[in-house]
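In case you want the letters, here they are:
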Amino acid sequence: MSAGSNKGPILRDWIRREGIVISEEFLKVDGFLNHRIDPAFVEEAAGQLVASFPTENVTCVLTAEAAGNAIAYEVARQLGARALYAKKGRASTMNSPLLRTVRSPTKGKKADLAVSADYLGPQERVLIVDDFLYHGHTSAALAAMVRQSGAKLIGFGFIIAKESGHGRKLLAQYDVPIVALVSVARLEPATGGIVFAEDDQQPV
């Protein structure tokens, strides 16, 4: 169940103005989102995600360390929920870890993700959030951990979906809403252009 792409004109303008196209795959947003953080951007994005799940009684907002931490915290704050992030690596101090291994598209290598079963269990209603949806492997790994824990998966929320990665198709198996505030149809490194799905008149 997909939703989203018509939610974020303010965010689209922000991304168009400050985002930097690195290649056909990579859009750099670390000037305002996942390295240096603009609280106004994060607050706006979080508010839109919260508005997309108004009656779901979310108790846990789950993300993966570390790019998703800021948006997860703010979504959780606005929802009155707890934020939880999957740590990279297998901490020896973590009790009963839920574990998955994923490959990072930006770093090009595999990493273990771990969440303590102390904080994720059948009593939780979980919204998974992240800055980007691309191939969807990290979010799918988080969803698998949610299901393993016995918690209820409510949905997925992303600030930006790079639709060329077809991540929605992978996440569709969980049969919950997939919300992306901004959908990028393609990136054009030759011109530095960001073509949003709403503006694109060509098949992608």
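For the structure, see preceding data.
Participant: Can you help me understand unusual backbone geometry in this one?
Facilitator: Note the cis peptide between E65 and A66, where omega equals 5 degrees. As for its position among the elements, A66 is in the loop between β4 (60–64) and α3 (69–79). At N57, a residue that is not glycine, the phi angle is positive and equals roughly 50 degrees. Following the sequence through the fold, N57 ends up in the loop between α2 (39–52) and β4.

Participant: What should I look at first to understand the nonpolar core in this one?
Facilitator: Side chains of nonpolar character tend, in soluble globular proteins, to be buried together. Counting residues in hydrophobic clusters, the biggest one holds 35 residues, and the most contacted among them are I15, L27, F41, V61, I71, V75 and I194. Elements with a minimum of two residues in this core: α1 (9–18), α2, α3, β8 (125–133), β9 (152–162), β10 (178–188) and β11 (193–196). With 6 residues, α2 is the single largest residue contributor to this core. Those residues in contact with I15, other than ones at most four positions away along the chain, are L27, F32, F41, I160, V182, I194 and F196. If you look at the next biggest cluster of nonpolar residues, it comprises 30 residues, including A64, V126, A144 and A180.

Participant: What's the story with α3 in this structure? I'm lost.
Facilitator: Within an α-helix, residues lying three or four positions from one another point in the same direction, as the helix has 3.6 residues per turn. Along α3, the residues classified as buried are A70, I71, A72, E74, V75 and A76. Next to the buried residues of α3 lie α2, β4, β5 (82–88), β8 and β9. Downstream of α3 by one or two residues, G80 has phi in the positive range, about 75 degrees.

Criteria and cut-off values
- The numbers attached to residues start from 1 for each chain and follow its sequence in the written order.
- Side-chain atom pairs in this predicted model are given and counted only at pLDDT of 80 or more, local residue features only at pLDDT of at least 70, and totals for whole chains, interfaces and linings cover all residues.
- The side-chain values count all of the structure's non-hydrogen atoms but skip hydrogen atoms and water molecules.
- Counting from the N terminus, the helices are the DSSP runs of H or I reaching at least four residues and the strands are the DSSP runs of E reaching at least two.
- Residues enter a nonpolar core if they are buried and are Ala, Val, Leu, Ile, Met, Phe, Trp, Tyr or Cys, with the set joined through side-chain atoms within 4.5 Å.
- Burial classes follow relative accessibility: with a 1.4 Å probe on protein chains only, a residue under 20% of its type's maximum area counts as buried, one over 50% as exposed, and anything between as partly exposed.
- Should any heavy atoms of two residues lie within 4.5 Å, those residues are considered in contact.

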